[in-house]
Amino acid sequence: MEIVSIIAIALMVIGAFGIILLKKPLDKVIMFSILDAGFVLVIVAFKYLDVALFAALAGPLSTLVFILAIVKINEIRKNKVKSGELQ
């Protein structure tokens, strides 16, 4: 049980530092997924299985929303560069 907790905390710390330190948006999404995996593992380790089920279902959905937002932001930036608003 202690080893699982240590692994879960390590995943959350790696994910958090990765989100803070990495520059590329898709790298941040990957680090968010690692953080989310550690979070779900902590919830399971403390035996809150109903909450873990919701977190496991909501995690991929939030990742998809982040990816869609990144795509939309890149599209807006390309349009602004084309029109000359952004240099």
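Below or above, wherever it landed, is the structure these notes cover. (Residues numbered from 1 in each chain as written. Predicted model: local features only at pLDDT ≥ 70, side-chain atom pairs only at ≥ 80, totals over all residues. Heavy atoms only, no water.)

## Observations regarding the packing of helix 1 (residues 2–21) against helix 2 (residues 25–45)
To be explicit about the condition: Lines are fitted to the C-alpha atoms to define the axes, a helix being fitted only along its stretch in contact, and any angle between axes, read from their N-to-C directions, falls within 0 to 180 degrees. For helices the rule is a DSSP run of H or I covering at least 4 residues; for strands it is a run of E covering at least 2, with both sets numbered from the N terminus onward. Angles are sorted into four bins: roughly parallel if under 35 degrees, roughly antiparallel if over 145, roughly perpendicular if 65 to 115, and oblique for all others. Crossing handedness follows the turn of the near helix against the far one: under a right angle anticlockwise gives a left-handed crossing, and clockwise gives a right-handed one. Contacts were defined at the residue level, with two residues in contact if any of their heavy atoms lie within 4.5 Å. Asp, Glu, Lys and Arg are counted as charged, while Ala, Val, Leu, Ile, Met, Phe, Trp, Tyr, Cys and Pro are counted as nonpolar; the rest, among them Gly, fall into the polar class.
In the contact formed by helix 1 and helix 2, the axes pass within 7 Å of each other and the chain directions differ by 155°. Taken together, the axes of helix 1 and helix 2 lie roughly antiparallel to each other. Once helix 1 is placed against helix 2, the crossing between them reads as left-handed. Of the residues in helix 2, those touching helix 1 at Val4, Ser5, Ile7, Ala8, Leu11, Met12, Ile14, Gly15, Ala16, Gly18, Ile19 and Ile20 are Lys28, Met31, Phe32, Ile34, Leu35, Gly38, Phe39, Leu41, Val42 and Ala45. Taken together, the residues that form the contact of helix 1 with helix 2 break down as 17 nonpolar, four polar and one charged.

## Here we look at the side chain of Asp36
Worth spelling out the cut-off: We call a residue buried when its accessible area falls under 20% of the maximum for its residue type, exposed when it is over 50%, and partly exposed in between, using a 1.4 Å probe and counting protein chains only. Under the convention used here, Asp and Glu are negative, Lys and Arg are positive, and both His and the chain ends fall outside the count. The salt bridge definition used is simple: a Lys or Arg side-chain nitrogen within 4 Å of an Asp or Glu carboxyl oxygen.
Relative to the helices and strands, Asp36 resides in helix 2. Buried Asp36, no salt bridge; nearest opposite-charge side chain is Lys28, N-O distance 17 Å. Excluding anything up to four places from it in sequence, Asp36 contacts Ala55 and Gly59.

Function-wise, these values are silent; they only describe arrangement.
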